[in-house]
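Per-entry structural report
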Amino acid sequence: MRVISGICKGRNLATVPGVSTRPTTGMLKGMIFNILQGSLAEAVVLDICAGSGALGIEALSRGATRATFMEEDRRALTALEKNLQDCKLLAVSEVLAGDALRRLASWQPKQKVSLVFCDPPYHSDLYEPILTRLGSVGWLTPEAIIVVEHHKDTDISGVYGQLRSYRRVSYSRTAVTFLQIGLSSSRGES
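Please read all numbers here as calculations on a predicted model, not as lab measurements. (Residues numbered from 1 in each chain as written. Predicted model: local features only at pLDDT ≥ 70, side-chain atom pairs only at ≥ 80, totals over all residues. Heavy atoms only, no water.)

**As for the packing of helix H1 (residues 26–36) against helix H2 (residues 54–61)**
The contact between H1 and H2 brings their axes to 11 Å, and the two run at 45°. On the basis of their axis angle, the class for H1 and H2 is oblique. Judged by the twist between their axes, the crossing of H1 over H2 is right-handed. Of the residues in H2, those touching H1 at Lys-29, Ile-32 and Phe-33 are Ala-54, Leu-55, Glu-58 and Ala-59. Within the contact of H1 with H2, the residues separate by chemical class into 5 nonpolar, no polar and 2 charged. (Axes fitted to C-alpha atoms, helices over the stretch in contact; angles between N-to-C directions. Helix = DSSP H or I, 4+ residues; strand = E, 2+ residues; numbered from the N terminus. Parallel < 35°, antiparallel > 145°, perpendicular 65-115°, else oblique. Left-handed = near helix turned anticlockwise from the far one by under 90°. Contact = heavy atoms within 4.5 Å. Nonpolar A, V, L, I, M, F, W, Y, C, P; charged D, E, K, R; others polar.)

Have a look at this one:
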């Protein structure tokens, strides 16, 4: 797996062997970042269930200013920390080890977050509680975008506190749903 674009373009990223994590494919990552291209400059990123950190690192490479990575799996944390070091992104990154729901319940960022990646294990029960929590926090910017990667059969559409889904894209067995706070009527489902 490689960083696709930006200051870290072409860097190889360490991944976790086995099936405990599921790296985002290059094709899917490309689709996500094509959609987000106007939202990356100066973004403050939160990468929940970050795995090797590929999404947050890609955002930093493309102009985000800061990223916090939340991950529970020890092997994934080792890969994530190696990737941040190899990409020379440690100074603009924070790594929080432990359960995502517990971390979200107590985390108070220094700056408001404008971009969130959420990629829990596909068949976990974490989607709804994480999104509900995100929909009720006061530390998201009004234009924050939440990007949720999930199995194509999982329905993430709907309302989670203040969050509303507005777009879904699919590739193979994976889907990505985009959400924002209280969408205006000018931005609809696509």
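Now that the structure has been shown, we can carry on.
**Concerning helix H3 (residues 74–86)**
Between its first and last C-alpha, H3 extends 18 Å over 13 residues, near the 18 Å set by a 1.5 Å rise per residue. Looking at H3, one finds that the buried residues are Ala-76, Leu-77, Ala-79, Leu-80, Asn-83 and Leu-84. For H3, the buried positions fall inside an angular range of 165° around the axis, keeping them on one side. Of the residues in H3, the exposed ones pointing more than 90 degrees away from the buried face are Arg-74, Thr-78 and Gln-85. Taken together, the buried residues of H3 touch H2, strand E2 (66–71) and strand E3 (93–97). With its phi angle positive at about 60°, Lys-88 sits one or two positions after the end of H3. (Expected span 1.5 Å × (residues − 1). Buried < 20%, exposed > 50% of the residue type's maximum accessible area, 1.4 Å probe, protein only. Arc of directions from axis to C-beta.)

**Some details on H2**
Among the 8 residues in H2, 8 count as buried, and that is most of the element. Along H2, the residues classified as buried are Ala-54, Leu-55, Gly-56, Ile-57, Glu-58, Ala-59, Leu-60 and Ser-61. Positive phi appears at Gly-63, one or two residues downstream of H2, with a value of about 125°.

**Quick word on the nonpolar core**
Grouped together as the largest cluster of nonpolar side chains are 32 residues, with contacts concentrated most on Ile-32, Leu-36, Leu-115, Phe-117 and Val-147. Looking at this core, the elements that each hand over two or more residues are H1, H2, E2, H3, strand E4 (113–118), strand E5 (140–151), strand E7 (163–171) and strand E8 (174–181). Residue contributions to this core peak at 5 residues, all from H2. Setting aside anything within four residues of it in sequence, one finds Val-147 in contact with Ile-32, Leu-36, Leu-115, Val-116, Phe-117, Cys-118, Val-176, Thr-177 and Phe-178. (Core = buried A, V, L, I, M, F, W, Y, C linked by side-chain atoms within 4.5 Å.)

**Structural notes on the side chain of Lys-29**
Inspection of the secondary structure assignment puts Lys-29 in helix H1. Not counting residues up to four positions away in its chain, the partners in contact with Lys-29 are Met-1, Arg-2, Val-3, Ile-4, Leu-13, Thr-24, Ala-54, Leu-55 and Glu-58.

**Considerations on the confidence of the model for the protein**
Across the protein, the average pLDDT comes to 91, with 93% of residues at 70 or higher. Between residues 185–190, whose pLDDT stays under 50, and residues either more than four places distant or in other chains, the model counts 9 contacts. (pLDDT = per-residue confidence, 0-100.)

**Re the pairing of E4**
Of all 6 residues in E4, 6 are buried, a share of seventy percent or more. As paired strands, E4 and E5 are joined by 5 bridges and run parallel to one another. Its bridge partner being in E5, Val-113 is matched across the sheet by Leu-140. Once you follow E4 into helix H5 (residues 127–134) and on to E5, the crossover reads as right-handed. (Pairing = 2+ DSSP bridges. Right-handed = clockwise from strand over helix to strand, strands pointing away.)

**Here we look at unusual backbone geometry**
Phi angles above zero are rare outside glycine, and Glu-42 is one such case at about 70°. Tracing the chain through its elements places Glu-42 in the loop between H1 and strand E1 (44–48). The phi dihedral of Ser-172 falls on the positive side, at around 60°, and the residue is not glycine. Checked against the element boundaries, Ser-172 lands in the loop between E7 and E8.

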